[in-house]
Amino acid sequence: MIKNRNLPGPRLNINNKNNLHKLYDLYLESERSRLTKHVDTYLKAVIVFPNYYGVAMSNLGFLRAYELINQSEFMACDRAFLQNDTSKGIISIETRQRLINYDLIFFSLSYENDFYNILSILAAEKIPFLSKDRDKSFPLIMAGGVIAFLNPEPVAPIFDLMFIGEAEAIFPDFFKNIENKNKYEIIEASKKIDGIYVPSAYNFIFDKKKPNVLNKIEHLLSCPEKIKRKCADKDYVFSSSAITTKFSELSNINMIEIERGCKRGCRFCSAGFIYLPLRESAPDDVMKTISSLGENEKAGFVGLGTMDSKNINKIMQFSLDSKKPFSLSSIRFDCLDENNLNLIKETGIKTVTLGIETGSPRLKKLINKDISNDEIVAALKNIIKKGIVNIKLYFMFGLPCEEKEDLDETINLIKIMQKEFVESSKINKRIGLLTVSFSPFVPKAWTPLQWENFEDLNILRGKKDYLLANLKHLTNLNININPLNSAFTEAFFARGSRISNNILIYSFMNKINLKKAVYAKGYNINDFIRKFGESELLPWDIIDQGVTKKYLLEEYLRGINFKITPQCFEGCKRCGVCR
Ligand code: SF4
């Protein structure tokens, strides 16, 4: 179970049973909501985020699904979260009912590292983990969210249904088909709905000799061979936080979606591929939401490439004119210019976050994010000159083909940036904080690098020590290295299979860590984090994602040959998404 993060929140001992109710009262009092729920609905639904309240409430996908479910006329949907105290089961925040008493349970999945929390929640409600072990007396249990349609397999046997794609595109058909049906009739009807995966209708056959190698996926004749991912029409992509609260990780920030998808094609980024094609929110929708913000609310512009949006300057200007401060999610260095930097400065942003990934020119080509170190340093100087004093930079290590020389290039770039940071800050007569965060590279399904391995933990430890030894003496530099074990868990499940599900449950039931569970079940760690064969059947081949496997393989080969691929363009049909 993931420990409670340092969330803003009232200081209550939430292990005390009565205090959970007090805590939920406080949370509800703090919320600003635009939602109206139908009353007298005949179905009771609950959406569960397998982490704590503060994390859930800063997740736009969770809030969007909650809002859409409540738009159905025959369902009223509550919310539930991971709790520290589960002795009285898991209760919803609104009506304080136990999960087991709902007709429908929707899980919203965003992180592989939350998989253990799914089991904690079901165990607290004494609900059998596997769909096949639950009869009609149990609620219908479903899952959606980015993890569900990236690679559902490591959790697929848990759920009766999974949503493959974007909620706006799937829910209307689903809701139309479930009215006045019982649990089994809903499952049956769902087999014919595009974008819905009924895991029990598929049988994954593994090689008897080669561990965790998939030979065949069998399916019932009543089901499609592959589940087509559904994505929202460009006119329906806009979303923003239906509820804001000061107790979310993004205290009182209303997340406003500027665009969905990304045209850049960075080869490590799963979201960049599964949300294709790029769709921009209508500026009118964005501006209407900005105008409706409450006194204490801020606008938080989100999207994979927020600064790529052709409307972003107009939107930032509108926000400033409306006296609504805004913040931005991670920015690309090559998107910053005099105009947008002035707007960012004017709103009072003191920290910008930029993903650099690597200082090595050849690895920049490998990941298809080829912004030169000179451009990066020049942009850094401009940012500081504008009076934005804190800069957070994200890097990866353990990338495919990475050698010591590549790490040295990253170290050199950080040294140059730190020097420029200190020098340029003198103009402001104030030195802020330069933070560099390193994360191990985790190969993800539906990316060109999906065939690559996750690096051996001992090698990663050596690389981490090397980075630290070379950087820790620099002044005004804060260094974070994400825990290797958590990256390992993420990597284990990101390309996991139904065998991974078996190991997940075994590890939870026996209270042993993942690695011990792998060995106890007769496997090796490498069976799960290894390089996958280019012609190998992959667990997530159950999905028709739009992007073809052929295109990803071409991109993989271009990557390991250090070739850049241009971004999406008008009339392009190369990856299979635009027809
Ligand atoms: S077909 Fe071309 S333009 Fe469309 S999403 Fe794929 S790469 Fe981008």
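A brief look at the structure comes next. If you're wondering where the values come from, they're calculated on a predicted model, not measured in any experiment.

## Here's the deal with unusual backbone geometry
And step 1. The linkage connecting leucine 276 with the following residue, proline 277, adopts the cis geometry, with an omega of 0°.
And step 2. Among the secondary structure elements, proline 277 is positioned in the loop between α8 (270-274) and β14 (279-280).
And step 3. Residue asparagine 180 is not a glycine yet carries a positive backbone phi of 60°.
And step 4. Structurally, asparagine 180 can be placed in the loop between α6 (167-178) and α7 (183-190).
And step 5. Classification of asparagine 180 as exposed rests on a relative accessible area of 64%.
And step 6. In this structure, asparagine 476 is a non-glycine residue whose phi angle is positive, near 55°.
And step 7. In this structure, asparagine 476 sits in the loop between α15 (457-471) and β20 (477-481).
And step 8. Taking the relative accessible area as the measure of exposure, asparagine 476 reaches 31% and is therefore partly exposed.

## Looking at the pattern of salt bridges
And step 1. Applying the stated criterion across every chain yields a total of 42 salt bridges.
And step 2. Here arginine 498 ties to glutamate 153 by a salt bridge, and the two come within 2.7 Å at their closest N and O atoms. You can see arginine 498 sitting in helix α17 (residues 498-509) and its partner glutamate 153 sitting in the loop between α5 (146-150) and β6 (161-163), a full 345 residues away along the chain.
And step 3. Note on arginine 498: relative accessible area 17%, which makes it buried.
And step 4. Among the ionic pairs, arginine 260 bridges to glutamate 257, the shortest N-O distance being 2.8 Å.
And step 5. A residue is classified by how much of its surface remains accessible, and arginine 260, at 7% relative accessible area, is buried.
And step 6. A residue is classified by how much of its surface remains accessible, and glutamate 257, at 9% relative accessible area, is buried.
And step 7. Residues joined by salt bridges that share partners form a network here, namely Arg34, Arg64, Glu67, Glu166, Glu168, Glu257, Arg260 and Arg279.

## What about helix α4 (residues 115-124)?
And step 1. Within α4, nine of the ten residues are buried, which leaves the element mostly enclosed by the surrounding structure.
And step 2. Those residues of α4 that sit buried are Phe115, Tyr116, Asn117, Ile118, Leu119, Ser120, Ile121, Leu122 and Ala124.
And step 3. Lysine 126 sits one or two residues past α4 and shows a positive phi near 55°.

## Quick notes on the side chain of serine 110
And step 1. Tracing the chain through its elements places serine 110 in the loop between β4 (104-108) and α4.
And step 2. The buried category is assigned to serine 110, whose relative accessible area is 15%.
And step 3. Looking at serine 110, its side chain comes within polar contact range of the side chain of asparagine 59, at 2.9 Å.
And step 4. Those residues in contact with serine 110 that lie beyond four places of it in its chain are Phe49, Asn59, Val146 and Ile147.

## Digging into the sheet that holds strand β15 (residues 298-302)
And step 1. Taken in spatial order, the three strands line up as β12-β15-β16 in an open sheet, and their pairing is parallel. Each having just a single partner strand, β12 (253-257) and β16 (326-328) make up the two edges of the open sheet. Along the sheet, successive strands turn relative to each other by an average axial angle of 30°, direction set aside.
And step 2. The sheet contact formed by β15 and β16 spans three bridges and is parallel. What sits directly across from phenylalanine 301, in β16, is leucine 328.
And step 3. Running over the sheet, helix α9 (residues 283-291) touches β12 and β15 and is turned about 170° from β12.

## Some words on the site of the ligand
And step 1. By nearness alone, every residue bordering the ligand is listed as Leu276, Cys568, Phe569, Cys572, Lys573, Arg574, Cys575, Val577 and Cys578.
And step 2. Its atoms largely coinciding with the cavity grid, the ligand occupies the second largest pocket.
And step 3. Split into classes, the residues belonging to the shell around the ligand amount to seven nonpolar, no polar and two charged.

## Brief notes about the packing of aromatic side chains
And step 1. With the rule as written, the count across this model stands at 29 aromatic pairs.
And step 2. Between tyrosine 27 and tyrosine 53 the ring centres are 3.8 Å apart and the planes differ by 5°, which places this aromatic pair in the stacked class. Of this pair, tyrosine 27 sits in helix α1 (residues 17-30) while tyrosine 53 sits in helix α2 (residues 53-56); the two residues are 26 residues apart in sequence, bridging distant segments of the chain. The exposure classification of tyrosine 27 matches that of tyrosine 53, with both residues buried.
And step 3. A cation sits over an aromatic face here: lysine 44 above tyrosine 102, 5.7 Å from the ring centre.

## Observations concerning the layout of surface pockets
And step 1. Within this model, the second largest pocket holds a volume of roughly 890 Å³.
And step 2. Sorting the residues of the lining of the second largest pocket by element identifies β14 and α20 (549-560) as the ones contributing at least two each.
And step 3. Looking at the lining of the second largest pocket residue by residue, the class counts come to 17 nonpolar, seven polar and 14 charged.

Reading guide: rules and limits
- Residues numbered from 1 in each chain as written.
- Predicted model: local features only at pLDDT ≥ 70, side-chain atom pairs only at ≥ 80, totals over all residues.
- Heavy atoms only, no water.
- Helix = DSSP H or I, 4+ residues; strand = E, 2+ residues; numbered from the N terminus.
- Buried < 20%, exposed > 50% of the residue type's maximum accessible area, 1.4 Å probe, protein only.
- Salt bridge = Lys/Arg side-chain N within 4 Å of Asp/Glu carboxyl O.
- Polar contact = N/O pair within 3.5 Å; in protein donor to acceptor, adjacent residues only side chain to side chain.
- Contact = heavy atoms within 4.5 Å.
- Pairing = 2+ DSSP bridges.
- Axes fitted to C-alpha atoms, helices over the stretch in contact; angles between N-to-C directions.
- Near = heavy atom within 4 Å.
- 1 Å grid on protein atoms, 1.4 Å probe; cavity = no way out; pocket = protein on both sides within 12 Å on 5 of 7 lines; lining within 4 Å.
- Sits in = over half its atoms within 2 Å of the grid points.
- Nonpolar A, V, L, I, M, F, W, Y, C, P; charged D, E, K, R; others polar.
- Phe/Tyr/Trp six-rings, centres within 6.5 Å; stacked < 30°, edge-to-face > 60°.
- Lys NZ or Arg CZ within 6 Å of the ring centre and 35° of its normal.
- Points joined across faces, edges and corners; volume = space filled by probe spheres on them.

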